[in-house]
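# Structural overview for review
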Amino acid sequence: MKINLKLRNFIIITIAGIINALGVTLFLMPVKLYDSGVSGLSMFLAQMTPEWMSLSLFLVIINIPLFAIGFKKQGPAFTIYSIYAVLIYSLGSWLITDVLPIDVNFASPLAGSDLLLCAIFGGMISGLGSGMVIRFGGAIDGVEVMAVIFAKPLGISVGTFVMIFNVILYLVCGFVMKSWILPLYSIVTYMAALKTVDFVVEGIDRSKSMMIVTENPEAICSMISEEFRQGITVIPAKGYYSDTDRSVIYVVLNRFQIPKARNLIMSADSSAFISISDVADIYKRAG
């Protein structure tokens, strides 16, 4: 079996693992906020167990078996990148908490004991690390592998599985700690991390697709092509109720081009039907 691994990916994932460790150990752990997924579970278990059972230890003993279980579904390259990311994250966390001269026992070195600041910046920084790992072929949290394996048999989406896991984690933390302040702030952390991951993986200039149902495709295509120099696909169609011939135009633009495109379309065909959707990734073979 040929495994296509890239040195660039390992370099980026190394940086990402360190970033993730910085976000968790400098902002979340000092004030006892929880990350999401296995990372959050590891933080909770580290609080509930003897001192030698650290965050770094739980990250390894929980995450690596999960990535090994998901080997068949995700493939060898993904598994290797992911295990490497977890090891870097674990090593970085250990260095910051136990080796480097940084006091992270009672408050964040940067945000003090301000829970909101710690939640937002901890989530954003850990989300930046997680998003970089995902973008370069791996994952830093084994709950995503669990979601891929178990979500479909349970009849739910991967995103829903991850959300349910985190809700259960925060509920358990609340009952065990007999306080809901930290779990509620941890939800802020989760949302900040989630939005940051989306930003890193999909980019700032996220594309949008337009589907236009029209009786005047030539004029619309001519305007869009001349204005944006963008490839366009025209699909023959027929209205079900009207039984009239129409065309469906498909084009991908960036979000800044959408308002102008919409105005051009309506000027060419005021009765056109326009549907606009987000596009996460675009792949095009060269040549």
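Residues numbered from 1 in each chain as written. Predicted model: local features only at pLDDT ≥ 70, side-chain atom pairs only at ≥ 80, totals over all residues. Heavy atoms only, no water.

Another aspect to go through is the overall build of the protein. If you tally the helices and strands in the protein, you get 11 helices and 4 strands. Oriented by its inertia axes, the alpha-carbon framework of the protein measures out at about 75 × 50 × 40 Å. Classification of the 287 residues of the protein by burial places 42% in the buried group. (Helix = DSSP H or I, 4+ residues; strand = E, 2+ residues; numbered from the N terminus. Buried < 20%, exposed > 50% of the residue type's maximum accessible area, 1.4 Å probe, protein only.)

On to the side chain of serine 130. Its location among the elements puts serine 130 in helix H6 (residues 115-135). Of the residues examined, serine 130 reaches a relative accessible area of 17% and is grouped as buried.

Another point: the environment of isoleucine 164. For isoleucine 164, the location among the structural elements is in helix H8 (residues 158-177). A relative accessible area of 36% places isoleucine 164 in the partly exposed class. For isoleucine 164 and alanine 261, which are 97 residues apart along the polypeptide, the C-alpha to C-alpha distance reads 39 Å.

With that settled, consider the packing of helix H1 (residues 7-28) against helix H5 (residues 76-99). At a closest axis distance of 8 Å, the pairing of H1 and H5 adopts a crossing angle of 40 degrees. One way to sum up the angle between H1 and H5 is to call them oblique. Crossing handedness for the pair H1 and H5: right-handed. On H5, the residues touching Asn9, Phe10, Ile13, Thr14, Gly17, Ile18, Asn20, Ala21, Leu22, Val24, Thr25 and Leu26 of H1 are Ile80, Tyr81, Tyr84, Ala85, Ile88, Tyr89, Gly92, Ser93, Ile96 and Thr97. Per-class residue counts for the contact of H1 with H5 are 14 nonpolar, 8 polar and no charged. (Axes fitted to C-alpha atoms, helices over the stretch in contact; angles between N-to-C directions. Parallel < 35°, antiparallel > 145°, perpendicular 65-115°, else oblique. Left-handed = near helix turned anticlockwise from the far one by under 90°. Contact = heavy atoms within 4.5 Å. Nonpolar A, V, L, I, M, F, W, Y, C, P; charged D, E, K, R; others polar.)

Within a pair of aromatic rings, the relevant descriptors are the distance that separates the centres and the angle that separates the planes. The tally for this structure, following the rule as stated, stands at 7 aromatic pairs. Between phenylalanine 27 and phenylalanine 121, the ring centres sit 6.3 Å apart and the planes meet at 25 degrees, which makes this aromatic pair stacked. Placement of the pair is phenylalanine 27 in helix H1 and phenylalanine 121 in helix H6, with a sequence separation of 94 residues. Overall, the relative accessible area of 6% leaves phenylalanine 27 in the buried class. Centroid distance phenylalanine 67 to phenylalanine 78: 6.3 Å. Interplanar angle 70 degrees. Geometry classified as edge-to-face. A residue pair is termed long-range when its members are at least 10 positions apart, and phenylalanine 67 in helix H3 (residues 55-69) and phenylalanine 78 in helix H5 qualify at 11 residues. Following the ring pairs from residue to residue traces out a cluster consisting of Phe10, Tyr81 and Tyr84. (Phe/Tyr/Trp six-rings, centres within 6.5 Å; stacked < 30°, edge-to-face > 60°.)

We now examine the packing of helix H10 (residues 217-228) against helix H11 (residues 258-268). Between two packed helices, the angle of one axis relative to the other and the distance separating the axes together describe the packing. At a minimum axis distance of 9 Å, the contact between H10 and H11 shows a crossing angle of 150 degrees. Comparing the axis directions of H10 and H11 gives the class roughly antiparallel. As H10 packs across H11, the resulting crossing turns out to be right-handed. Contacts between H10 and H11 pair Ala219, Ile220, Met223, Ile224, Glu227 and Phe228 from the former with Lys260, Ala261, Leu264, Ile265, Ser267 and Ala268 from the latter. A per-class count over the contact of H10 with H11 returns 9 nonpolar, 1 polar and 2 charged.

Before going further, it helps to examine the sheet that holds strand S1 (residues 207-214). With antiparallel pairing, 4 strands are arranged side by side in an open sheet as S2-S3-S1-S4. With partners counted over all chains shown, the strands left at the sheet margins are strand S2 (232-238) and strand S4 (273-279), one partner each. The mean inter-strand angle of the sheet, taken between neighbouring strand axes irrespective of direction, is 20 degrees. Across 7 bridges, S1 lies against S4 in antiparallel orientation. The partner of serine 209 across the bridge, within S4, is serine 277. In the packing of H10 onto the sheet, the strands contacted are S1, S2 and strand S3 (245-254), and the crossing angle to S3 comes to about 15 degrees. (Pairing = 2+ DSSP bridges.)

Right, let's talk about the pattern of salt bridges for a bit. Considering all chains together, one arrives at 4 salt bridges under this definition. Across the pair arginine 246 and glutamate 215 runs a salt bridge whose closest N-O atoms are separated by 3.5 Å. Remark: glutamate 215 occurs in the loop between S1 and H10 and arginine 246 occurs in strand S3; sequence separation between them is 31 residues. We note a salt bridge from aspartate 243 to lysine 238, for which the minimum N-O separation is 3.9 Å. (Salt bridge = Lys/Arg side-chain N within 4 Å of Asp/Glu carboxyl O.)

Now for unusual backbone geometry. Notably, lysine 32 is not glycine yet its phi reads approximately 65 degrees, a positive angle. Here lysine 32 falls in the partly exposed class, since its relative accessible area comes to 38%.

Function-wise, these values are silent; they only describe arrangement.
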